[in-house]
Number of protein chains: 2
Amino acid sequence: MFEAAELEHKVAKADYKREEETLRRDLLAVQRALGQRPRFPVLILIAGVEGAGKSETVHLLNEWMDPRFIEVSGFGLPTEEEAAHPPMWRFWRALPPKGRIGVFFGAWHTIPILERVLGRLSAGDFAARMEEIMRLERMLAQEGVLLLKYWFHLSKAQQKRRIKALEKDRETSWKVTRYDRKLFEHYDDFIAVCEPFVRETSTAEAPWTVVPAADDRYRALFVGRHLLAALRARLDAPEPPAAAPAPAATVPDKVNVIRALELRQAMSREDYERRLAEVQGRLARATRHKRYGRISVVAVFEGNDAAGKGGAIRRLAAALDPRAYRIVPVAAPSEEERAQPYLWRFWRHVPRPGRLTIFDRSWYGRVLVERVEGFAAEPDWRRAYAEINDFEAQLAGHGAVVAKFWLAISKDEQHRRFKDREATPFKQHKITAEDWRNREKWDAYEAAVCEMVERTSTREAPWTLVEADNKLHARVKVIATLADRLEVALKAAK
Amino acid sequence: MFEAAELEHKVAKADYKREEETLRRDLLAVQRALGQRPRFPVLILIAGVEGAGKSETVHLLNEWMDPRFIEVSGFGLPTEEEAAHPPMWRFWRALPPKGRIGVFFGAWHTIPILERVLGRLSAGDFAARMEEIMRLERMLAQEGVLLLKYWFHLSKAQQKRRIKALEKDRETSWKVTRYDRKLFEHYDDFIAVCEPFVRETSTAEAPWTVVPAADDRYRALFVGRHLLAALRARLDAPEPPAAAPAPAATVPDKVNVIRALELRQAMSREDYERRLAEVQGRLARATRHKRYGRISVVAVFEGNDAAGKGGAIRRLAAALDPRAYRIVPVAAPSEEERAQPYLWRFWRHVPRPGRLTIFDRSWYGRVLVERVEGFAAEPDWRRAYAEINDFEAQLAGHGAVVAKFWLAISKDEQHRRFKDREATPFKQHKITAEDWRNREKWDAYEAAVCEMVERTSTREAPWTLVEADNKLHARVKVIATLADRLEVALKAAK
């Protein structure tokens, strides 16, 4: 994988100066084009062996282009805030928006590689991490990110030569830290891990580009030209055509989990008052448990229009300390959210341990309304199931209790509630022409829900189907379920 | 101040139920009106004696209104991330946007009061903190925030009665912590500090409302009705009329700091190459100093159009580790930024220690372009000078080096550069009709700059006027100045 990059290349100073001038002018022009009509973000990953000129190259990019529209993020050991969130959180918050260039100095591969070299990660676990990385990179690419991965390479002899040269020069000796020298001693171990890593994680949508790094000028031109070509190719690529809605699916009754529900569940108001106080009490006590500070909670609410999501959320929130939860009402994305991959707007609300976030509607929008209305292209919502499972697995893996509620009402009950809203002055704002139109797609929505539940109900993040024709029953079921989940998690929390 | 609130009030259960139903319906309606046309944010501060039902009241607000559009933030001891920023940073990031209600459980008064009660703050320092608080609250009010401050009060006897009742009931005994009991013992000390505090920080634009808290129902209705009345009054208030630009000021030559500059400064390219390497080296070494991790750096760039801000920023950035700085190009505010008070968009970029943020244009926009073009009403830009000084004093007070650069070119030089941009293909995007129009207001801008420098050049955050007709001289001066400032700060850093 790396052999070609170890050949000795040289570029004469005069040639370099001439080439650099053209390259710089061209890069500035494409950067400007990128920013004028922001259609996609550019993410550059900088990786490779120590001493290979990664830092110098990033400096050069900042000099060749306009540094005001380049965001460089270095990822070393996590800060306290970063460690309080799942490992990928800190990368998500640093993603560049459409029209900008982000440079990640070290990225999601850095710590897995280090741990494998130090023997702290087994071969199997390392393989699993590589799979995670490839899934993430594939998703980013499919969300439109131009992802360019540069591996800076030196042979062992070239690295030795370079360190000696850096150490000799007083101006640069500071660049060689004791940490670097330790890594140099482990060159063979390092390459033994990195070569298969680079080979395996070099995919069609996110290939690694190995940079011959021994000669400063050659390296600079190599990276500059590759970047220029990649940016031009992407800018010239035609826009994907607008999505047509997929034909509405149908679900055979025998596997239709929604039709199987008994939506009218009896509960008298008297029972409700008693049961509500009971489950709210259990929930409140769970959040005051001594180990509650070790877990976080993500509660997702989806359901038919008028199913009573808001009311259930309110009764759940009533049992909680107002300071320790946040409700995120998900509607049309803001300007900043539209400039980012789909899941970015949800990653920003991932709670720390001891906190609870309630999502009123959620990332499931992609496989529900965006699927049925054709707002998302079919390939995009088809890949969303796996991406959602991945996302929720990361949350659960970091100690979150992930509870997902689908509140189901019958078509007749929805009609009754819509009519009631129209007739009640202070409820009228809650019913629009669009709500009535959505009813025409009732069966398509039902099929979408069935597929969603089938594909995204996992052991650590199961769906709870809530029979919601009787609002009282629904509220008690939601809170009881969450209390159950918390009690189990607290028993297991270390 | 508190005597009236210590009177015993009672509300019969039946009366309460009837009143509460009306109140709840009305509050929900105003909350909806608030959100439908988001014109202003609502910020509710909850403070007062322990055991006075603050938590219960916040719960009630979440039940009466839609909790999805209420954000409750509790402020206890700062987290690591919060402590790495100036004290007010954590409040700024928690401010609710227009159309939403934010509730601060504890706020910027909490720690000063606690420290004064514990004897860790002198009377003089406490007075200074009160002044800071009043300035912040006045600014928020002038930026359009509806700021409602509720002080929940109990007499000593009432507090004792309440604690006993909470402890007796198994369901509520958890509410009385050992911390609370300690505070009860210090009731007199606490009131001795709080009474003057509440009296002095109760201003016209941000008055305290003292809540008689002994009776649960009375307290609930009291707060609910006050909140309802305040929201209605604000919703019904007419919008302020659009601002007319203030008449252009002129500045007598003898105090015109800009006219006093010798804008053409000699520097040969040879000298430039040598001096640039020298000052970039000094700057680089400063950022690698062992104590650099204890300070942060904020560098602000303002100047005439085409003065060379971008070029100076690039040469400065070239000396820095790309991972350790961020450039913030300030232009039109995003959707999220427009929903917040003016300074919010800058507070979000305040760097942590060891980090450097370069602002390409900045908060000075209010007293420059917004003043001259009339985008800001005269009262708004007139108050901005003091608010800016306050902001920069907070940054400097927390260990930031604040360096501000005004890059000045002559009118003739600007004309030459504009013409050059028009004639050069890859520079043409940088010149617009608006740039030419701004030249007609040259004198008004000059007067605005003079006033800005006069009013906002402080000891810890001085302005550096940079003679920029010669770009080479300008770049060297900027970097040399920053290197100077860092060297001084590092010597003094503990």
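This one's a predicted model, so the numbers in the text were calculated from it and none came from an experiment.

**Student:** I'd like a description of the side chain of Asn438(B), backed by residues and values.
**Tutor:** Topologically, Asn438(B) is positioned in helix 18 (residues 433–439). Not counting chain neighbours up to four residues away, the residues in contact with Asn438(B) comprise Asp305(B), Glu373(B) and Tyr445(B).

**Student:** Can you break down the sheet that holds strand 1 (residues 42–48) of chain B residue by residue, with the values?
**Tutor:** All names here are of chain B. Across the sheet, which stays open at both edges, the 5 strands sit in the order 2-3-1-4-5 with parallel pairing between neighbours. Bordering the open sheet on either side are strand 2 (70–74) and strand 5 (208–212), each of which pairs with just one other strand. Neighbour to neighbour, the strand axes of the sheet diverge by 20° on average, direction disregarded. Where strand 1 meets strand 4 (residues 146–153), 7 bridges bridge the pair, whose relative direction is parallel. The partner of leucine 43 across the bridge, within strand 4, is leucine 147.

**Student:** Tell me what's going on with the packing of aromatic side chains, and back it up with residues and numbers.
**Tutor:** For the structure on display, the rule yields 42 aromatic pairs over all chains. Among the aromatic residues, those joined into a cluster by ring pairs are Trp92(A), Tyr342(A), Phe346(A), Trp347(A), Phe359(A), Trp363(A), Tyr364(A), Phe391(A) and Trp463(A). Above the ring of Phe40(B), the side-chain terminus of Arg234(B) is found at 4.3 Å from the ring centroid.

**Student:** Please provide a residue-by-residue account of the interface of chain A and chain B, values included.
**Tutor:** Interfaces are often described in size by the accessible area the parts lose on coming together. Across the boundary between the two partners, chain A contributes 48 residues, which contact 47 residues of chain B. Both faces considered, chain A and chain B share a buried interface measuring about 4,200 Å² in area, 53% of it formed by carbon and sulfur atoms. Taken as a group, Arg68(A), Arg314(A) and Arg323(A) account for 16% of the area that chain A buries against chain B, more than any other trio of residues on that side. Taken together, the connections running from chain A to chain B amount to 4 salt bridges. One salt bridge connects Asp360(A) with Arg68(B), and the closest N-O pair in it is separated by 2.4 Å. Between the two partners, chain A and chain B, sit 17 residue pairs in polar contact (both at pLDDT 80 or more).

**Student:** Describe the pattern of salt bridges, and please don't skip the residues or the numbers.
**Tutor:** Tallied over the full model, the rule gives 97 salt bridges over all chains. Residues Arg366(A) and Glu370(A) are paired through a salt bridge, measuring 3.4 Å at the closest nitrogen-oxygen approach. Each member of the pair Arg366(A) and Glu370(A) is classed as buried. Arg352(B) is the salt-bridge partner of Glu80(B), the closest N and O atoms lying 2.7 Å from each other. Placement of the pair is Glu80(B) in helix 3 (residues 80–83) and Arg352(B) in the loop between helix 14 (344–347) and strand 8 (356–360), with a sequence separation of 272 residues. Residues joined in a network through salt bridges with shared partners are Glu143(A), Arg366(A), Glu370(A), Asp380(A), Arg383(A) and Glu387(A).

**Student:** Explain the relation of the copies chain A and chain B to me, using residue names and the numbers behind them.
**Tutor:** With an RMSD of 0.0 Å, chain A superimposes on chain B once it is rotated by 180° and translated 0.0 Å along the axis. Accordingly, the operation relating the two chain copies is best matched by a two-fold axis. Comparing interface residues between copies, 98% of those in chain A also sit at the interface in chain B, which points to an isologous, same-surface contact.

**Student:** I'd like a description of the domain arrangement of chain A, backed by residues and values.
**Tutor:** Residue and element names in this part refer to chain A. Here chain A is partitioned into domain 1 (4–236) and domain 2 (253–492). For domain 1 versus domain 2, the distance between C-alpha centres works out to 40 Å. Opposite the 22 residues of domain 1 that make contact, domain 2 presents 20 residues. Taken together, the two surfaces of domain 1 and domain 2 that pack against each other cover about 1,800 Å², and 55% of this comes from carbon and sulfur. Of all residues in domain 1, Pro86, Trp92 and Glu143 bury the most surface against domain 2, accounting for 34% of the area lost on that side.

**Student:** Any chance you could break down the packing of helix 11 (residues 269–287) of chain B against helix 20 (residues 471–492) of chain B for me, citing the residues and the numbers?
**Tutor:** All names here are of chain B. It is at 9 Å that the axes of helix 11 and helix 20 come closest, and there the two elements cross at 25°. One way to sum up the angle between helix 11 and helix 20 is to call them roughly parallel. Classified by chirality, the crossing of helix 20 by helix 11 is left-handed. Together, Arg269, Tyr272, Arg275, Leu276, Val279, Gln280, Arg282, Leu283, Ala286 and Thr287 of helix 11 and Leu472, Arg475, Val476, Ile479, Ala480, Leu482, Ala483, Asp484, Leu486, Glu487 and Leu490 of helix 20 make up the contact between the two elements. Split by residue class, the contact of helix 11 with helix 20 holds 13 nonpolar, 2 polar and 6 charged.

Thresholds, definitions, all that
Residues numbered from 1 in each chain as written. Chains lettered and ligands numbered in written order. Predicted model: local features only at pLDDT ≥ 70, side-chain atom pairs only at ≥ 80, totals over all residues. Heavy atoms only, no water. Helix = DSSP H or I, 4+ residues; strand = E, 2+ residues; numbered from the N terminus. Contact = heavy atoms within 4.5 Å. Pairing = 2+ DSSP bridges. Axes fitted to C-alpha atoms, helices over the stretch in contact; angles between N-to-C directions. Phe/Tyr/Trp six-rings, centres within 6.5 Å; stacked < 30°, edge-to-face > 60°. Lys NZ or Arg CZ within 6 Å of the ring centre and 35° of its normal. Buried area = accessible area lost by both parts, 1.4 Å probe. Salt bridge = Lys/Arg side-chain N within 4 Å of Asp/Glu carboxyl O. Polar contact = N/O pair within 3.5 Å; in protein donor to acceptor, adjacent residues only side chain to side chain. Buried < 20%, exposed > 50% of the residue type's maximum accessible area, 1.4 Å probe, protein only. Least-squares fit on C-alpha atoms with pLDDT ≥ 70 in both. Domains from an automatic or database assignment. Parallel < 35°, antiparallel > 145°, perpendicular 65-115°, else oblique. Left-handed = near helix turned anticlockwise from the far one by under 90°. Nonpolar A, V, L, I, M, F, W, Y, C, P; charged D, E, K, R; others polar.

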